[in-house]
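A closer look at the structure
In case you want the letters, here they are:
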Amino acid sequence: MTKTLILVHTGGTISMTTDERGAVTPGLNNPLLGQIHKLGLADEIIEIEAFNFPSPHITPGHMLELKKLIVRSLADQPADGVVITHGTDTLEETAYFLDLTLNLEIPVVLTGAMRSADEIGSDGVHNVLSAIRVASDEDSRGKGVLVVLNDEIHTAQNVTKTHTSNVSTFQSPQYGPIGLVTNGHIHYHHAPLLRARFHVDELCGRVALLKVYAGMDSEFLFHAADAGYEGIVLEGLGQGNVPPSLMPGIRRLLEDEIPVVLVSRCFNGIAQPVYGYEGGGRMLHEEGVIFAHGLSGQKARIQLLLALSAGIHPGQIAQSFKGH
Ligand SMILES: NC(=O)C[C@H](N)C(=O)O
């Protein structure tokens, strides 16, 4: 069957080369642009250069632009799948943003590279080829946004960058990948659960992410309330606890109707209201802190930003985190 894919480039190491000083830098043009269709994998690949940014330069505003570009491109040219190349540093945030905002049955697959385009053993072209094969596969439909690197298929919800430089950096702690890419096959061994969805045309609200540490005081939380932040995500301790010295700041935010979402700074397990001591999860839950079960801090932050931008009332935001 004839397949048409849209391949959107956004930058990242996959499109970078090494300069004369030995520093890895973005070039004027994405070196992959125009190269991939020559490999003859899908019948038609429409390449679009959306941005050419290192991914630390990507903002939620760019993520929304990307989402709109995908919707527009598919309206102009219906396709069987979408592949997006992206820097790896914030890839998981863009993937989750798209997962929560795109409402598509066709596969949408993000990929990137840990080695620049001119480096020996560069993983970029291989990852793009795998992503194209995954996006062309019928079994990839209806699975939400996927992330494909190093011959593994991960969900946007669970995947995270776990290593600064290794090519096997993308992992889904505690859940594992949902599928594998081999020479001849795309093989799924798990099916992802249904996700939340938000209809967002514009982003509004500032949401901060703070990591909780031993002896942390409330100063940043008071500052966040004074500075007009609309939401706070806390990466709490263990099963979802904070030092008692953080309670005055949390109470102030909740009094001001600023949602406080709690995840765990542990990368395995879920945050849950277990402990009844001062600052323990039970107390936080009873006072109105929202538990985002199993999400990382950076994903919970994207979700809270989208919930606020979708106009969900602060009282209803907890509901939108149910099921995670
Ligand atoms: N491997 C990479 O793509 C890392 C790079 N700093 C980026 O995210 O753009």
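Residues numbered from 1 in each chain as written. Predicted model: local features only at pLDDT ≥ 70, side-chain atom pairs only at ≥ 80, totals over all residues. Heavy atoms only, no water.

- Taking an unreviewed UniProt entry as the reference, the chain is identified by name as asparaginase belonging to Bhargavaea beijingensis.
- Regarding the chain, the UniProt comment filed under Sequence similarities (unreviewed entry) reads as follows: "Belongs to the asparaginase 1 family."
- UniProt, in the comment section headed Catalytic activity (unreviewed entry), describes the chain in these words: "L-asparagine + H2O = L-aspartate + NH4(+)". (UniProt positions renumbered as here; feature names shortened; annotations may be inferred.)

1. Details of the overall build of the chain
- Of regular secondary structure, the chain possesses eight helices and 16 strands.
- For 324 residues, the compact-globule formula gives about 20 Å, and the C-alpha radius of gyration of the chain, at 20 Å, lands near that figure.
- Along the three orthogonal principal directions, the C-alpha set of the chain runs to about 60 × 45 × 35 Å.
- Taken over 324 residues, the chain has a buried fraction of 51%.
- A separation of at least 24 residues holds for 73% of the contacts in the chain among residues at least 6 apart in sequence.
- Side-chain charges in the chain split into 22 positive and 35 negative, and the spacing between the mean points of these groups amounts to 3 Å. (Helix = DSSP H or I, 4+ residues; strand = E, 2+ residues; numbered from the N terminus. Rg over C-alpha atoms; globule rule 2.2 N^0.38 Å. Buried < 20%, exposed > 50% of the residue type's maximum accessible area, 1.4 Å probe, protein only. Contact = heavy atoms within 4.5 Å. Lys, Arg positive; Asp, Glu negative; His and termini not counted. Charge placed at Lys NZ, Arg CZ, Asp CG, Glu CD.)

2. Examining the pairing of strand 1 (residues 4-9)
- Of all six residues that make up strand 1, six are buried, and the element is covered over most of its length.
- Along strand 1, one buried face is formed by Thr4, Ile6 and Val8 and the opposite face, lined by Leu5, Leu7 and His9, is buried too.
- Where strand 1 lies against strand 4 (residues 44-49), six bridges are found, and the strand directions are parallel. Bridge pairing in strand 4 places valine 8 opposite isoleucine 48.
- Where strand 1 and strand 5 (residues 81-85) come together, five bridges link them in parallel fashion. Across the sheet, histidine 9 pairs through a bridge with threonine 85, a residue of strand 5. (Pairing = 2+ DSSP bridges.)

3. Notes on the site of the ligand
- The ligand sits among Gly12, Thr13, Met16, Pro54, Ser55, Pro56, Gly87, Thr88, Asp89, Ala113 and Met114.
- For the ligand, an oxygen atom lies 3.0 Å from a polar atom in the side chain of threonine 13.
- Take alanine 113: an N or O atom from its main chain is 2.8 Å from a nitrogen atom of the ligand.
- Contact with the protein chains hides 86% of the accessible area of the ligand, taken as 270 Å² for the molecule alone.
- The residue inventory of the shell around the ligand, partitioned by class, reads five nonpolar, five polar and one charged. (Near = heavy atom within 4 Å. Polar contact = N/O pair within 3.5 Å; in protein donor to acceptor, adjacent residues only side chain to side chain. Areas by Shrake-Rupley, 256 points an atom, 1.4 Å probe, with all protein chains shown as cover. Nonpolar A, V, L, I, M, F, W, Y, C, P; charged D, E, K, R; others polar.)

4. With respect to the packing of helix 4 (residues 219-226) against helix 5 (residues 247-255)
- Contact geometry for helix 4 and helix 5: axes closest at 7 Å, N-to-C directions at 15°. By the angle between their directions, the pair helix 4 and helix 5 is classed as roughly parallel. Where helix 4 crosses over helix 5, the two elements pack in a sense that is left-handed. Side by side, helix 4 and helix 5 meet where Leu221, Phe222, Ala225 and Asp226 of the first sit next to Pro248, Gly249, Ile250, Arg252 and Leu253 of the second.
- In terms of residue class, the contact of helix 4 with helix 5 is made up of six nonpolar, one polar and two charged. (Axes fitted to C-alpha atoms, helices over the stretch in contact; angles between N-to-C directions. Parallel < 35°, antiparallel > 145°, perpendicular 65-115°, else oblique. Left-handed = near helix turned anticlockwise from the far one by under 90°.)

5. Observations regarding the side chain of lysine 67
- Considering the arrangement of structural elements, one finds lysine 67 in helix 1 (residues 60-76).
- Setting aside residues up to four positions removed in sequence, lysine 67 forms contacts with Leu98, Thr101, Leu102 and Val200.

6. Some remarks on the UniProt feature "domain: Asparaginase/glutaminase C-terminal" (unreviewed entry) in the chain
- According to UniProt, the feature "domain: Asparaginase/glutaminase C-terminal" (unreviewed entry) maps to residues 206-321 in the numbering used here.
- Structurally, residues 206-321 is divided into 35% helix and 16% strand, and its ends, taken at the C-alpha atoms, are 18 Å apart.

7. A closer look at unusual backbone geometry
- Look at glutamine 174: it is not a glycine, yet its phi comes out positive at around 65°.
- By the element assignment, glutamine 174 lies in the loop between strand 10 (170-171) and strand 11 (179-181).
- With a phi angle near 60°, glutamate 257 is a residue other than glycine that sits in the positive phi range.

8. A word on the side chain of asparagine 241
- By the element assignment, asparagine 241 lies in the loop between strand 14 (231-236) and helix 5.
- Side-chain polar atoms of asparagine 241 contact the side chain of tyrosine 277, separated by 3.3 Å.
- The contacts of asparagine 241, once residues within four sequence positions are left out, are Gly236, Tyr275, Tyr277, Gly279, Gly280, Gly281 and Leu284.

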